[in-house]
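# Survey of secondary and tertiary structure
Listed here are the chains, written in short residue letters.
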Amino acid sequence: MIRSFRVLLCIAVLVSCAFAQTRLNGAGATFPYPIYSKWFNEYHNQHSDIEINYQSIGSGGGIRQVQAGTVDFGASDGPMTDQQIAESKVKVLHVPTVLGSVVPAYNIPGVSGEVKFTPDALAGIFLGKITKWNDKAITSANPGVNLPDQSITVAHRSDGSGTTYIFTDYLSKVSPDWKNNVGKGTSVKWPVGIGGKGNEGVAGSIRQLPGSIGYIELIYALQNKIPYGSVQNSSKNFIKASLDSTTAAAVGVKMPADFRVSITNPPGKDAYPIASFTWLLVPTSPTDANKGKILKDYLFWMLDKGQTMTQALSYAPLPSQVVEMEKAAITKQVKP
Amino acid sequence: MSDSVDPMNPTEPLGKLQKPATAIPSMAQVSKERRTAASTVLQKIRTSHPRASRIPDTVFAVIILLSAISVFAIVVLVAWQLIDKSRLSLHQFGIGFFYGHDWDPVAGSFGAMPFIYGTLVSSFLALLMAVPLSIGVAVYVTEMCPQRLRAIISFLVELLAAIPSVIYGLWGIFVLAPLLREYVEPFLARTLGWTGLFTGPMYGLGMLAAGIIMAIMVVPVIASITREVMTAVPQNQREAVLALGATRWEMIRMGVLRNARIGIVGGVILGLGRALGETMAVTMVIGNRPEIAKSLFAPGYTMASVIANEFTEATGDLYLSALVEIGLALFIVTLIVNALARLLVWSITGGTARVRA
């Protein structure tokens, strides 16, 4: 019995060696995890000898791991800073993959329709300067809505996250007060409010507390049917976040050569102002040439076939000019 | 022992007192006999076995010694790693880190005081609620419960310990927080609001919710240890107190609880240890706001929560090392609290010699 078990084990080991699967490892952002997961699965179905493994440990972790060389590629919701790039031993190319947006979700007793937020109103609420729902700053933009005389409770993220980065980046652009006192980052010192862990924590707080407002990913709000408001963009139009308005945000901004760009508060009359790319961090000179070639092949697949799969999961696809720019950059900069 | 006269085994004859025929050997005599018997056996083993068989004995002794040292070594290693990885932050902020109030990742300014405060207050609040409850449960189960209910109740109490802390967190968000917000907090604000502990906006989430959840998690720990210690009190203690005319409550208080108090304190220390380190359930209900507020309705933040929340996304070496230094602060707080509790036990028992656990 033991002998036949040993024989079986040897055969199993040999057989698995014969299949010679190549495995790529990546780690990073949590926001695009559902779409990456689907892409890697689809790619594996088409190339059965290639397996790409992704761990959503967070953008900070993704940046650290790709710098240390422990993973073949990283992923981040926020681009690396100049200092991080200077300090990194591994040179990476930022490859935008999809677009996401952040929406202001609320729970106002007696109000079921859409509330319009001006940039000043949002900044004032999150700074703690606007404390009641029937404050003039909010009611002036919502003439037909019966906003109650209720205190505003702010809900924000307690964990560091790309969602916070996008939202605070937007607030820093539209409010000098915010920029000086709080600033932007994956984790900031919030002037007011209670912290919830993850999108689900913030959504939970919003649902439970009457009179609360918080910021969550669009996908989360859509899938969980949480009411969210529209935000006034730089052309003074009130835009409600959707896949189209998110892609429109990327169209209006000039893309730099290294793809590190912020598209919050962009020009464009249909653009939603609180949107962002999410990036894959691809080493330009990979240590393993075979894996580098496979990764390059995957990136081209992602930019062609992969972009058609995004809408089903409520991610906005990249604009076509960005796709063309990326293909050129990958061909030129990523070896082999 | 040589200068005290033992009436059962006198070294000098007390007048005409003869040793009774059926003399009961004294404790000293018995233990001396046992020791000589043991050493005789050991001598026989040593002389009869060849030298080579002493090597397994020595190896065994060394392995056991290494196991004992490894526990100590792990603690030292943990402390060393904490200090090493937080070196940047230690250098930058010095001792001021432990009483700084600011936690600003963007500006690079970090201080641990709100977290230390949050951890200590939530843990002590939990203990305040859990200790009377657990002792009550233990007293009921050991002394007053009908025999057939005993097993069921103790099983249910221990079941509380088996529930994962994330489930407690979810229960806290969806059941406890609305309950607190709608009924309990307005009631407390109306009746006890003058103390300043129950004022301010009522979110449901906050220090009070965290304290209640931690109390529920700590009750099975303290209750089961208290129950064991109370069961270990010999029956003759209870009977002696009853024989002196005590009521049932007096019997429990004087006969049982007084004898079991060292064990109860040990159980409370264990419960406190669990409360100090609890992460998931706390971070889901405490509101995660690094501020020190007098009111229990206000949100707070604990050391374990901030590490769990911010560690994965922490970019920047100073930020990371500040978080590790929070871990170091938690380590030190746990050590200090345990040391203080141990000192308390020693002061009750009157010295280190009688420490049991």
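Residues numbered from 1 in each chain as written. Chains lettered and ligands numbered in written order. Predicted model: local features only at pLDDT ≥ 70, side-chain atom pairs only at ≥ 80, totals over all residues.

### Quick look at the overall build of chain A
Note the threshold: Put simply, DSSP H or I for four residues or longer makes a helix, DSSP E for two residues or longer makes a strand, and each gets a number counted from the N terminus. For the radius of gyration, the atoms used are the C-alpha atoms, and the globule rule reads 2.2 Å times the number of residues raised to 0.38. The burial label depends on the number of other C-beta atoms within 10 Å of a residue's C-beta. Counts of 20 or more mean buried, 12 or fewer mean exposed, and intermediate counts mean partly exposed, with C-beta atoms placed from the backbone. Contact between two residues is assigned when their C-beta atoms, built from the backbone, lie within 7 Å.
When helices and strands are counted, chain A shows 13 helices and eleven strands. A compact globule built from 336 residues should have a C-alpha radius of gyration of about 20 Å, and chain A, at 22 Å, falls within 12% of that. Sorting the 336 residues of chain A into buried and exposed places 50% on the buried side. Put simply, 72% of the contacts in chain A that link residues at least 6 apart link residues at least 24 apart.

### A short note on the overall build of chain B
Regarding its fold elements, chain B presents twelve helices and two strands. Sequence-ordered secondary structure for chain B, helices as α and strands as β, is α-α-α-β-β-α-α-α-α-α-α-α-α-α. Here chain B holds 357 residues, and the buried ones make up 32% of them. Sequence-distant contacts, at least 24 apart, represent 74% of the contacts inside chain B between residues at least 6 apart.

### Points about the interface of chain B and chain A
The test is simple: Note on residue categories: nonpolar means Ala, Val, Leu, Ile, Met, Phe, Trp, Tyr, Cys or Pro, charged means Asp, Glu, Lys or Arg, and polar means any other residue, Gly included.
Across the contact, 23 residues belong to chain B and 27 residues belong to chain A. Sorting the residues of the side of chain B that touches chain A by element identifies strand 1 (103-104), helix 6 (165-192), helix 10 (280-285) and helix 11 (303-310) of chain B as the ones contributing at least two each. No other element matches the three residues that helix 6 of chain B contributes to the side of chain B that touches chain A. Residue classes in the side of chain B that touches chain A are distributed as twelve nonpolar, seven polar and four charged.

### Re helix 6 of chain B
Quick note on the threshold: What a helix should span is 1.5 Å times the count of its residues minus one. At every residue, the bend is computed as the angle between two fitted axes, covering the seven residues ending there and the seven beginning there respectively.
With 28 residues, helix 6 of chain B ought to run about 40 Å at 1.5 Å a step, yet its terminal C-alpha atoms sit only 30 Å apart, falling short of that. For helix 6 of chain B, the principal kink sits at Leu180 of chain B and spans about 50°. The complete set of buried residues in helix 6 of chain B reads Tyr168, Gly169, Gly172, Ile173, Leu176, Ala177, Leu180, Arg181 and Glu185 of chain B. Residues of helix 6 of chain B that are buried in the fold lie against helix 9 (198-208) of chain A together with helix 7 (207-232) and helix 10 of chain B.

### Some words on the pairing of strand 2 (residues 50-55) of chain A
Residues and elements named next belong to chain A. Our working definition: A pair of strands is considered paired only if DSSP assigns at least 2 bridges between the two. Viewed with both strands pointing away, a crossover whose connecting path from the first strand over the helix to the second turns clockwise is right-handed.
The sheet contact formed by strand 1 (residues 22-28) and strand 2 spans six bridges and is parallel. Pairing of Gly26 across the sheet is with Tyr54, part of strand 2. For the segment spanning strand 1, helix 2 (residues 33-46) and strand 2, crossover handedness is right-handed.

### Digging into the confidence of the model for chain A
Applied cut-off: Summary of the metric used: pLDDT quantifies the predictor's per-residue confidence within the range 0 to 100.
The share of residues in chain A with pLDDT of 70 or more is 97%, and the mean pLDDT across the chain is 88. Per-element confidence in chain A is highest for helix 5 (residues 119-127) of chain A, whose mean pLDDT is 95, and lowest for helix 1 (residues 2-19) of chain A, whose mean pLDDT is 67.

### Focus: the environment of Thr331 of chain A
Checked against the element boundaries, Thr331 of chain A lands in helix 13 (residues 320-333). Of the residues examined, Thr331 of chain A has 11 C-beta atoms within 10 Å and is grouped as exposed.

### Quick word on the sheet that holds strand 11 (residues 275-283) of chain A
Residue and element names in this part refer to chain A. Spelled out, the test is: Here an axis means a line fitted to C-alpha atoms, over the contact stretch when the element is a helix, while the angle between two N-to-C directions is reported on a 0 to 180 degree scale.
Ordered by their spatial adjacency, eight strands build an open sheet running 2-1-3-11-4-8-6-7, and the pairing between neighbours is mixed. Both edges of this open sheet fall to strand 2 and strand 7 (194-196), since each of them pairs with a single strand only. Between one strand and the next, the sheet's axes are offset by a mean angle of 25°, whatever the strand orientation. Lying on the sheet, helix 3 (residues 59-68) is in contact with strand 1, strand 3 (73-76), strand 4 (92-107) and strand 11; it crosses strand 3 at an angle near 155°.

### Remarks on the nonpolar core
For the record, the criterion: Take the buried Ala, Val, Leu, Ile, Met, Phe, Trp, Tyr and Cys residues, join any whose C-beta atoms are within 7 Å, and the set you get is a nonpolar core.
In terms of nonpolar packing, the biggest core is built from 161 residues, with Val282 of chain A together with Ala209, Ile213, Val218 and Val285 of chain B touching the most fellow members. The dominant element in this core, judged by the number of residues it contributes, is helix 7 of chain B, at 18 residues. Each residue touching Val285 of chain B, except ones within four places of it in the same chain, is listed here: Gly169, Gly172, Ile173, Ala177, Leu205, Ala209, Ala210 and Ile213 of chain B.

### Concerning the sheet that holds strand 9 (residues 230-232) of chain A
Residues and elements named next belong to chain A. One open sheet accounts for three strands, arranged 5-9-10; its pairing is mixed. Two strands close off the open sheet at either side, each with one partner strand: strand 5 (116-117) and strand 10 (238-239). Taken together, the two bridges between strand 5 and strand 9 define a ladder with parallel strand orientation. Bridging from a neighbouring strand, Phe117 pairs with Val231 of strand 9.

### Side note on the confidence of the model for chain B
Residue and element names in this part refer to chain B. Residues with a pLDDT of 70 or more make up 87% of chain B, whose mean pLDDT is 85. Residue range residues 353-357 is modelled with pLDDT below 50. Its contacts to residues more than four positions away, or to other chains, number seven contacts. For this predicted complex, the interface confidence reaches an ipTM of 0.79, while the overall pTM sits at 0.80.

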